[in-house]
Each structure stands twice: as structure tokens, then as C-alpha cells.
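Notes for the structure review
Chain by chain, the residues:
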Amino acid sequence: MRRLKQAWELVMDFREGIEDPVEHVFNVFEAIRRWEARVNAYISLESPDLIVEEVERIARGINAGEKVGKLAGLLVSVKDNICTSFLPTTAGSRMLDPYIPPYDATVVKRLLEEDAIVVGKANLDEFAMGSTTELSAFGPTRNPWDLERVPGGSSGGSAASLAYGGSDLSLGSDTGGSARLPAAYTATVGLKPTYGLVSRYGLIPYGNSLEQISPMARSVRDVALLLDVIGGWDPLDATSLRVDKPRTFTTSKADPSKVTVCVVKELSEGAEDVIERAYWRILKKLESEGVELREEKLPVASKALPAYYTIAFAEAASNLARYDGVFYPTKGGGSTWEEEVELARMKGFGREVKKRILMGVYALSEGYRDEYYIAATKVRRVVRDEVSRISRSCIIASQVSPILPPRLGERLDDPLKLYAMDVYTVIANLAGAPALVQPIEFYNGLPIGIQWIGKPLGEGSSYP
Amino acid sequence: MKVTIGLEIHVQMSEAGSKLFCNCKADYRGLNVNTNVCPVCLGLPGALPVVSKRSVELALATSLALKCEIPKFIVFTRKHYFYPDLPKNYQISMIERAGGVPICRNGVISFLDPSRWEWKSCRIRRVNIEEDPGRTVYEEGGITGSPYALVDYNRSGVPLLEIVTEPDIETPRDARLLVEYLLLTLEYLGVTNPRLEGVFRVDANISLDGGERVEVKNIGSIADVEKALNYEILRQSKIREAGGVIERETRHWDPVRGVTRPLRHKEYEEEYLYFPDPDLPPIAITEEMVKGALKIAVEADLQALLSELLKHNIPPEHAWSIVSTKPALDLFKKVVSLGGDPQVVARMLAVDYKGELREQGKDPYDPSNWPPPDTILELSKLTLTGVYPYDTIKGLIIPNLVSNPLARLETLVPEKAGDLDLVVEEVLREEVRAVKDYLEGKTQALNYLVGRVIKKIGRKAVDPRIIRGLLEKRIKAGAPRT
């Protein structure tokens with residue numbers, strides 16, 4: 001693949017007249033034309049005419065020396081579980097095909113205020129439930145690095161669009177690793193922000209207490225640029241933190257000798273050899289630059305995966321109750337209300353979604369709630385305490401996935417293996433802590449990434 | 001026979017301004033269907049609830065008024081059930097399961113039996129804040145026969161208080177009095193307007209002599225609380241007399257026929273999947289919030305308001321009549337603070353003015369149907385100076401004032417007797433024949449004379465009874481002076 005410019009470089013080049021934003025748009029269109037049919041990163045694309053019209057307006061502004069937004073002229077793909085009033089928002093489900101929300105998500109508003117252009121809505125596992133982007137009602141997304149393989153999920157469309165140059169920046173979402181796993185599998189960067197740093201208003205919920213809209217890009221700097229635009233308190237989201245807009249883009253790189261990295265045993269073992277070797281190579285390199293390495297233990301980690309899935313399924317079962325054939329496009333055609341609800345849900349939801357609803361209902365049922373849901377929330381508390389204890393003095397280095405990107409269909413047969421792909425990533429969601437994934441190496445043409453878990457609101461402070 | 005009654009009262013916080021979780025209006029009445037809605041109260045995917053501060057403040061004031069234990073923080077929970085008028089298919093409430101924390105636990109309400117002037121009390125188990133669902137309208141055939149249903153979401157998300165009592169109530173009458181007193185308290189708190197259509201519903205649990213309890217749902221008026229429970233006592237007694245056993249069940253109050261009917265039996269245990277709403281973090285109840293709510297609660301202490309009135313030696317029934325009509329109390333306080341005699345003012349407002357409002361079919365709870373304090377002050381002074389007999393004020397001035405509360409007093413007050421004397425003399429001089437007729441026993445001649453006097457006075461309001469009295473007195477006293 002040709003070297004793709006980073007978004008922050010583009011912003012500078014547009015401003016200095018080195019690159020023409022209109023020409024850039026046509027480059028992106030060309031990438032989409034060449035790749036999209038094979039990759040299927042998008043569920044819907046904005047009309048090229050509208051995009052051109054918009055970028056011409058922005059280009060005129062730049063040329064006239066007017067003040068333009070921080071993202072002026074950049075093309076952003078938006079995961080299709082984030083509401084847009086100008087493009088359908090399906091959450092990858094037949095249930096919402098085609099649903100056009102009457103409002104924009106807060107993050108989308110903030111993008112548009114900074115003159116970003118939404119190029120299209122990115123593919124995802126249905127309602128963000130999956131780790132491979134194979135479970136979309138609109139067909140799987142393929143990994144641009146190897147079209148036989150998955151791009152990870154559930155924000156696979158976002159990651160793939162970045163990887164092949166079909167967007168400059170992307171918004172994903174991350175409930176248990178949904179932005180970070182695809183980043184690792186596509187050699188892009190994904191940040192799951194501190195819980196509450198980015199407004200969830202307009203994010204179609206899967207696991208409300210775990211998930212964050214996540215900036216994704218081709219570099220850490222780009223992710224910082226995007227985070228600064230979308231982050232900060234939103235009065236429309238009661239779980240959003242009362243903090244100022246983040247300013248991570250201008251943070252300078254930390255002095256290695258002042259950085260401590262914690263190698264948490266439970267988050268660094270158990271992956272395929274090639275991944276473990278790559279992990280240690282980067283850590284040793286950092287150590288040689290002066291970074292201090294320290295070992296830590298997180299014994300509760302073994303309980304994190306079941307706790308995570310219990311909470312996520314319980315919340316999902318509740319969140320998905322609203323799809324009953326009344327407001328949304330998939331109708332049951334039943335002759336009574338009960339029948340209508342049953343048929344609409346039968347037709348509208350895919351298998352994985354139904355499975356998760358059933359498990360969530362089970363976990364919340366009278367008589368089982370204590371054993372499952374309540375027990376899981378207790379594990380969450382321990383994870384939160386432990387992670388915040390460790391991250392107070394260091395950045396946690398962790399694997400992202402135990403395996404390299406699997407082939408399409410490879411993991412689907414065994415749900416436990418599928419869920420196990422999230423073993424390293426769910427910790428940050430349970431803890432509410434920020435976690436960033438960036439690429440470190442390639443093995444046989446397949447990307448390998450590393451994950452850094454920081455302290456709450458530690459975004460931008462000190463990634464090595 | 002020992003009767004045990006517990007109540008569950010749902011009251012809309014119609015005066016809270018906004019809905020519980022969005023900026024749509026709390027009082028949706030009179031709006032076109034489905035116009036008082038937004039992504040939040042329609043439960044659209046991605047829209048998030050944000051708790052209205054005012055609702056929490058008012059609920060907190062209610063909890064203080066009910067002497068509840070106030071929690072350190074409150075936690076909203078989701079209660080799941082599928083229903084067309086519940087757009088998310090879950091209701092956000094505060095059920096105490098899986099970590100839900102209501103705004104009030106273990107309170108008590110003291111309520112008045114005004115006709116016996118007896119105070120009673122009932123423990124309050126808890127008070128929840130929750131959202132009202134939308135409204136389903138069935139076409140002909142009702143819920144079972146209608147081929148379709150229409151849903152209006154204007155009500156969806158309106159803040160509700162769910163007030164649950166312990167089963168401490170012993171008679172249907174007490175149940176009614178409790179509800180009446182509670183609603184009045186909520187009105188004084190500025191929580192609700194109890195007279196709005198559908199603003200509250202009562203569910204009542206009743207058991208006789210320790211038998212199984214029966215729940216009666218859907219009681220929508222204060223009077224029906226007593227009626228429904230009396231009906232239930234009668235129904236259950238009959239079954240027992242015939243040797244039957246009361247089974248635990250839920251029944252529906254039919255206000256038109258005045259009977260309770262069994263609801264369809266549920267084939268399965270209800271499963272609501274309660275858990276704390278992850279979109280709504282716990283809300284801390286700070287000291288500052290309690291202080292603010294206390295200010296509201298103090299103003300709504302009916303017991304204190306009543307004893308304030310009783311201090312002025314106002315008859316208890318007048319005091320209750322005033323307190324139970326908030327605009328009357330507001331007016332009373334103002335007039336007394338301006339120097340009005342409390343007893344006279346109380347009688348004037350509680351008995352005469354309020355009675356005349358009812359007579360003329362005007363709403364006593366609408367402040368605009370009451371005159372400004374100055375008018376009442378002047379009237380009460382007139383009474384005390386004896387210029388007019390109280391009957392004149394009651395029979396003549398107050399009816400006119402009720403028709404036009406903003407009228408200036410001068411235009412309502414009849415001519416003073418002194419001025420009238422001259423007119424009467426004049427008429428007697430002119431109408432010698434009529435006087436003669438009257439003296440000869442033609443009593444209707446007096447009516448004619450009264451008419452002449454009224455005509456001469458012109459448009460000013462005079463009580464004809466006064467004129468009649470004057471004429472009679474004068475004629476009996478002898479021929480007019482010439």
C-alpha cells in the first residue's frame with residue numbers, strides 16, 4: 001500500500017498549500033473505488049457530490065485565510081452505531097435497516113463543528129457484538145492486509161477504512177476491545193478513552209457502563225487530534241465527566257527515563273509465541289532507551305472475562321428491549337402486539353445478538369441475579385481498584401489479542417474462543433481506564449500491536 | 001371485622017416544569033398528540049436520560065414532608081416489561097433490587113379527619129421517583145376488541161412519585177382522607193395539581209380479618225378510593241358469609257359501574273429484570289439539597305398552617321376550609337397581614353365566598369377567581385363598623401364580587417341608608433296613590449314602590465330588601481313629610 005499521510009500532516013499541508021483538500025478527497029475516493037468492493041468497510045457512503053461541494057467550501061475558506069476548524073478537509077468514517085441525522089444508522093442490524101435518526105450524536109456534532117467531513121458509516125458486528133466484524137447484517141469486513149482474514153471487531157469497518165486509505169480518521173466504539181482489537185489487526189491506532197471522557201449521547205448502546213466512543217487513526221498523534229475534538233463534558237450524558245476538553249495533541253513525548261512500564265503477568269502471557277516475542281522486543285527496546293520496567297500482578301484478571309461478558313450481556317438485553325417492531329423499520333407482521341414483538345425480534349436480530357440477549361436475561365433473572373450480575377459487578381470493583389492501584393505509578397503494557405488476525409469463519413464456530421479474543425482488552429473497560437493500541441511489528445505481513453493501559457484521565461500524559 | 005388497607009399512590013409531578021429526563025413539558029394536557037416528545041422520552045437508541053434537578057428537589061421536599069429517612073444517594077433502576085406505550089420496554093424507577101435506592105424510606109403521614117377534628121397517622125414504606133409511560137388509546141371494543149391501538153407519547157417520561165404506605169389504614173374513609181390530605185400536601189409543595197385529569201391513580205390492598213389481600217387497581221378519584229374499598233369489603237364479606245375463602249388476586253376498579261372486577265390471571269411469575277440504570281450514576285443527596293428542599297417542605301406543613309389559623313380562634317371547620325383551598329389561604333394571610341380581622345375574614349372566605357363560588361360554578365382553586373386582598377380587607381371593615389348588616393354583604397356584595405373579583409368595591413356597595421332615606425321620601429311623596437293602596441291592604445303596591453326607588457337610584461347596587469324595610473318603616477310611621 002502507498003504511504004498514507006497522517007491526518008495532522010494533511011491539516012498542515014492543506015493550510016500551507018502543499019496539498020489541495022479537493023485533490024485529497026479524490027485520492028480517498030480512488031482508494032474507496034479500488035478497495036471497498038473487496039473490503040466492505042462501509043455500510044453507507046455519503047454522496048460524492050455532497051462531499052466535493054463541502055470540501056470546495058472548506059478549500060475556499062482555507063485559501064481566503066479564514067479561520068477553519070481543526071479537522072478542516074479531513075474525511076472521517078463513523079461507525080454505524082453512532083447516530084447521524086444525514087446518513088442511515090443501522091448498528092449493523094437488519095432491525096435498523098434503514099433507520100435515519102432525527103438527531104446527531106454529540107461526537108458527530110463536534111466533528112462537524114471542526115469542519116470534518118463524514119465520508120460514510122463504517123461496518124461493525126451487529127450492535128457491536130463481536131470481535132471480527134463477521135457478524136454484520138451487511139456482510140463481513142475483510143482485513144486490507146490479508147483479504148482472507150478478519151480485521152477484528154467490532155469496529156472492523158473503521159479500522160479497515162483507515163488501513164486502505166478510505167478515511168483519514170475514524171470514530172469507533174469500544175465496549176470490550178472493539179476499537180483496540182481492530183487497531184491491532186490492521187496496524188492502526190485505537191484509543192478507548194477513560195470512561196466518561198467522551199459523550200455517549202448518540203451511541204447506540206450495547207454495554208452502557210463499559211463502552212466509550214473511541215478515536216481511531218493511523219497514528220497516535222492523529223488519535224490525539226481527534227480525541228481533543230470529541231472529548232469533554234456533555235450535559236446530555238449523565239455519565240460524562242465534568243472535565244474540560246482534553247488537550248492531548250500538543251502534549252510532548254515523555255522523557256523515557258521518567259517513564260515506568262509495568263509488565264502485568266496476567267496481561268502479557270498466554271498469547272501466540274510470535275506475539276509474545278514482539279511484545280518483549282518492544283519492551284526491551286524501550287528499556288534500552290531508559291524506560292524502567294517493573295513486574296506487577298493482577299490476580300483478578302482470570303475473572304475479568306466472565307465478569308465483563310455478564311455485565312455486557314445484561315445491559316445489552318435491557319438496551320435491546322426497545323426494538324419491538326413499533327418505531328423501527330423491521331416489522332413482525334403479527335396480528336397481536338405480542339406476536340408483532342416476537343416476529344419483529346425474530347426477523348430483525350441475528351443469532352449472536354439473540355444469544356447475548358438470552359444470556360443477559362438469564363443473568364438478571366430473579367434467583368440468578370446475585371450469582372451472575374451482582375457477582376460480576378463485584379469483580380468489576382476489584383478490577384477497578386487493582387488497575388487504578390497499579391496505574392498510579394506506571395503504564396501497564398499488555399497484549400491486545402492472544403492470536404494473529406484469524407481467517408474469516410475460523411473463530412465463529414466456537415463462541416468461547418471468539419469471546420477469549422477479548423481477554424486482554426476487557427480489563428480497561430471494567431476499570432474505566434484509558435487504553436491505547438498501536439502497531440509494533442508485522443509477522444508474515446500480519447500486523448501485531450501492543451496495548452498501553454493508563455490511569456483514569458491519563459490520556460496524553462505519558463505514552464512512551 | 002378488622003379491615004387492613006395499604007395504598008400505593010402514583011402522582012404525576014405536573015408542576016415540575018419538565019419531564020423527568022428531558023426538557024419536554026411535565027404537563028402535557030391540551031397539546032396535540034405526539035408533539036411533547038424528543039429522542040430521550042421516545043427512547044430512541046443512543047439518546048440518554050439526564051435527571052431533572054427540579055424533580056429531585058420536589059421529591060426530596062416530599063420525603064421531608066413525610067418525615068422519611070433520606071438516603072445519602074439515590075439510584076435509579078430499570079424495570080423491564082413489554083408494552084406498546086413504554087418506548088424502551090423498560091421503565092426507569094427506583095425499585096430496591098440489585099442496588100436501587102429510593103428517595104424516601106420509612107416515613108409517616110399524619111392526616112386529618114376534618115369533620116371529627118381527629119389526627120391519624122400511617123407509616124410510609126417508601127417513595128420512588130419514576131417515569132410515566134405514554135398513553136394507549138383503544139378504538140371501539142376496548143382493550144380486548146379493538147382492532148388497533150393508538151399511542152400518544154406526550155405523557156412518556158413525565159415524572160411520577162410512587163408513594164407506598166404500610167397497611168396501617170383501618171377504614172375506607174380513612175383511606176380517602178389520607179389520599180385527600182396527601183394530595184393537598186403535594187399541592188402545597190408545588191409538586192402537583194391534584195385537579196388535573198389523570199394526574200394521580202391509587203392502587204389499594206385490602207384484607208379482612210387477616211385474610212389474603214386483594215389489590216384493587218386503577219382508582220382515579222378521591223371519592224372512588226372510599227367507594228372501591230367499601231365495595232371490596234362488601235364483596236369479600238359476602239363470600240366469607242357464604243363459607244368461601246378470599247384468594248389473593250388483583251382486581252380492577254370500574255368507576256362507571258362502581259364495582260371491582262378480576263384482572264386476567266397471569267400465567268407466569270412476573271420477571272422485571274431489575275438492575276441499576278447504567279446511564280444514570282447514583283445522585284448524592286447533599287446537605288445543600290436537603291436545606292433547599294426543607295424550605296419548600298416547611299411551607300407545606302398543613303398541620304402548622306392549621307394551628308396558625310386556630311390561634312386566631314377561628315372555628316376549625318373554617319380553618320380547614322381555608323387551608324384545603326390554597327388560594328383562600330394565600331388571600332387570608334395577606335388580608336390578615338394588612339390588618340383584617342382574622343375571624344371575620346375567615347368566615348367571609350371559608351363560608352361565604354367559597355360557597356358563592358360553588359353556587360356560581362366557579363373553580364375555588366383558581367386564584368384568579370379570588371379578589372385582591374384590599375377588597376376583602378375593606379369588606380371586613382365594613383362588616384365590623386356595622387354600616388351594613390352581614391347579610392347584605394353576604395347576600396348582595398359577595399355574589400357580585402364572585403362574578404367579577406376585580407370589581408372596585410365602590411361599585412358593589414349598596415347606597416348607605418342615609419342617602420336612601422331621601423329617595424324613599426321622594427318616592428312616597430310622588431306615589432300617594434300607591435301608598436294608599438298599600439295601606440288598604442294591596443301588598444303588591446309595596447313591590448311597585450321598591451321598583452320606583454331602585455329606578456331613581458339608578459345603576460347603583462342596592463339590596464331591595466333594605467329598600468323594602470325602609471319603605472315599610474316609613475309608611476308605618478305616618479304620612480310623608482311635605
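Residues numbered from 1 in each chain as written. Chains lettered and ligands numbered in written order. Predicted model: local features only at pLDDT ≥ 70, side-chain atom pairs only at ≥ 80, totals over all residues.

Next up on the list: the overall build of chain A. What chain A contains, in helices and strands, is 15 helices and 11 strands. For 464 residues, the compact-globule estimate of 2.2 N^0.38 gives 23 Å, and chain A sits close to it at 21 Å. Each principal axis of the C-alpha atoms in chain A carries an extent, and together these give about 65 × 60 × 45 Å. By residue count, 59% of the 464 residues in chain A fall in the buried class. A sequence separation of at least 24 residues applies to 75% of the contacts in chain A between residues at least 6 apart. (Helix = DSSP H or I, 4+ residues; strand = E, 2+ residues; numbered from the N terminus. Rg over C-alpha atoms; globule rule 2.2 N^0.38 Å. Buried ≥ 20, exposed ≤ 12 C-beta atoms within 10 Å, placed from the backbone. Contact = placed C-beta atoms within 7 Å.)

Residues and elements named next belong to chain B. For the pair helix α6 (residues 302-310) and helix α7 (residues 316-323), the least separation of the axes is 9 Å and the interaxial angle reads 135°. The angle between the axes of α6 and α7 places the two elements in the oblique class. The handedness of the crossing between α6 and α7 comes out as right-handed. Side by side, α6 and α7 meet where L302, L305, L306, L309 and L310 of the first sit next to P316, A319, W320, I322 and V323 of the second. (Axes fitted to C-alpha atoms, helices over the stretch in contact; angles between N-to-C directions. Parallel < 35°, antiparallel > 145°, perpendicular 65-115°, else oblique. Left-handed = near helix turned anticlockwise from the far one by under 90°.)

Let us now look at the pairing of strand β13 (residues 259-262) of chain B. Of the pairings in the sheet, the one linking strand β12 (residues 249-254) of chain B to β13(B) comprises four bridges and is antiparallel in character. Pairing of B:H252 across the sheet is with B:R261, part of β13(B). (Pairing = 2+ DSSP bridges.)

Its domain assignment divides chain B into domain 1 (3-287), domain 2 (301-412) and domain 3 (417-477). Once you take the C-alpha centre of each, domain 2 of chain B and domain 3 of chain B turn out to be 33 Å apart. (Domains from an automatic or database assignment.)

Time to look at the interface of chain A and chain B. Each side of the interface is counted separately: chain A has 34 residues, and chain B has 25 residues. Those elements that provide at least two residues to the side of chain A that touches chain B are α10 (301-319), α11 (337-348), α12 (351-364) and α13 (370-391) of chain A. A total of three residues in the side of chain A that touches chain B trace back to one element, the largest contributor, which is α10(A).

It is worth spelling out the nonpolar core at this point. Ranked by internal contacts, the top residues of the largest apolar core, which has 256 residues, are A:V76, A:A304, A:I427 and B:A204. Top element by residues in this core is α10(A). It accounts for 12 residues. Taken domain by domain, the makeup of this core includes at least three residues from each of domain 1 (3-287) and domain 2 (301-412) of chain B. Among all residues touching A:A304, those that are not within four sequence positions of it are A:V379, A:V383, A:V426, A:I427 and A:L430. Counting 12 residues, the second largest nonpolar core, distinct from the first, contains B:V423, B:V424, B:L428 and B:I466. (Core = buried A, V, L, I, M, F, W, Y, C linked by C-beta atoms within 7 Å.)

Residue pairs three or four apart in sequence face the same way in an α-helix, which turns once every 3.6 residues. Between its terminal C-alpha atoms α13(A) stretches 30 Å, which fits the 32 Å expected from 22 residues at 1.5 Å a residue. Inspection of α13(A) places A:Y372, A:Y373, A:A376, A:V379, A:R380, A:V383, A:E386, A:V387, A:I390 and A:S391 among the buried residues, and these make up the whole buried set. (Expected span 1.5 Å × (residues − 1).)

All names here are of chain A. With mixed pairing, 11 strands are arranged side by side in an open sheet as β1-β3-β2-β4-β6-β5-β10-β11-β9-β7-β8. Each edge of the sheet is formed by a strand with only one pairing partner; in this case those strands are β1 (42-45) and β8 (292-296). Strand after strand, the sheet turns through a mean of 30° between neighbouring axes, direction not considered. As judged from the three bridges shared by strand β7 (residues 260-264) and strand β9 (residues 395-398), these two strands associate in the parallel manner. Within the sheet, the bridge partner assigned to V261 lies in β9 and is I395. Along the sheet, helix α5 (residues 156-164) contacts β1, β2 (75-79), β3 (117-122), β4 (169-174) and β6 (212-217); its crossing angle with β4, the most-contacted strand, is approximately 155°.

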